[in-house]
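Secondary and tertiary structure notes
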Amino acid sequence: MVPLVSVAGVQLLFARSAKLTQGEFACLAESSRLEGSTELCACLQAQDPAVAMAAATALFGTFIALLTTFIGERLTTQVLRSAWPRIEEMPPTENEP
């Protein structure tokens, strides 16, 4: 993602994702101010494994949704597939022809 939105862009998208999901997962409230992935990992590791998995799922889902808003669904899918070739195709949205 860095070549498309820069290191700062990725960090800001994660911070915004944490901010948007903190209502559902209080452990992410602190993460919305964190600048690095090390702090985010520590925050999630301090949680019960089930809570950490649910929080991480919500966080990454929100991150991908924000990224899709900024760069579009097709490019987001291409970037995700280049990182994870076996990722299943994202279902089409209502706006897609």
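Here's what I pulled together on the structure shown here. (Residues numbered from 1 in each chain as written. Predicted model: local features only at pLDDT ≥ 70, side-chain atom pairs only at ≥ 80, totals over all residues. Heavy atoms only, no water.)

1. What to know about the environment of valine 79
With respect to the helices, strands and loops of the structure, valine 79 is situated in helix α4 (residues 73-83). With relative accessibility at 14%, the residue valine 79 sits in the buried group. As for valine 79 and leucine 4, which are separated by 75 residues in sequence, their C-alpha atoms are 9.2 Å apart. Here valine 79 is in contact with Met1 and Leu4, once residues within four sequence places are set aside. (Helix = DSSP H or I, 4+ residues; strand = E, 2+ residues; numbered from the N terminus. Buried < 20%, exposed > 50% of the residue type's maximum accessible area, 1.4 Å probe, protein only. Contact = heavy atoms within 4.5 Å.)

2. Here we look at the packing of aromatic side chains
Counting across every chain of the model gives 2 aromatic pairs. Measuring from centroid to centroid gives 4.1 Å for phenylalanine 14 and phenylalanine 63, while their planes differ by 10°, and the two rings are stacked. Separated by 49 residues along the polypeptide, phenylalanine 14 in helix α1 (residues 2-21) and phenylalanine 63 in helix α3 (residues 49-71) bring together distant segments of the chain. Classification of phenylalanine 63 as buried rests on a relative accessible area of 4%. (Phe/Tyr/Trp six-rings, centres within 6.5 Å; stacked < 30°, edge-to-face > 60°.)

3. A closer look at α3
Look at α3: 32 Å from first C-alpha to last across 23 residues, which is about the 33 Å you get at 1.5 Å a residue. Within the sequence span of α3, burial applies to Ala52, Ala55, Ala56, Ala58, Leu59, Thr62, Phe63, Leu66, Leu67 and Thr68. One side-chain oxygen at the N-terminal end of α3 lies 3.1 Å from the backbone nitrogen of alanine 50; it belongs to aspartate 48. A positive backbone phi angle near 95° is found at glycine 72, which sits one or two residues after α3. (Expected span 1.5 Å × (residues − 1). Polar contact = N/O pair within 3.5 Å; in protein donor to acceptor, adjacent residues only side chain to side chain.)

4. Some thoughts on α4
Since the α-helix packs 3.6 residues into each turn, any two residues three or four apart lie on the same face. Within α4 the residues assigned to the buried category are Glu73, Thr76, Thr77, Val79 and Leu80. The buried residues of α4 occupy an angular sector of 165° when the element is viewed end-on, so they sit on one face. Away from its buried face, by an angle of more than 90 degrees, α4 presents the exposed residues Arg74 and Ser82. On its buried side, α4 packs onto α1 and α3. (Arc of directions from axis to C-beta.)

5. A word on the nonpolar core
If you look at soluble globular proteins, the nonpolar side chains tend to sit buried side by side. Membership of the largest hydrophobic core is limited to 12 residues, which are Ala18, Phe25, Cys27, Leu28, Leu40, Cys43, Leu44, Ala52, Ala55, Ala56, Ala58 and Leu59. Counting residues per element, the ones that place at least two in this core are α2 (37-45) and α3. Formed by 6 residues, the second largest nonpolar core is a distinct cluster that contains Leu13, Phe63, Leu66 and Leu67. (Core = buried A, V, L, I, M, F, W, Y, C linked by side-chain atoms within 4.5 Å.)

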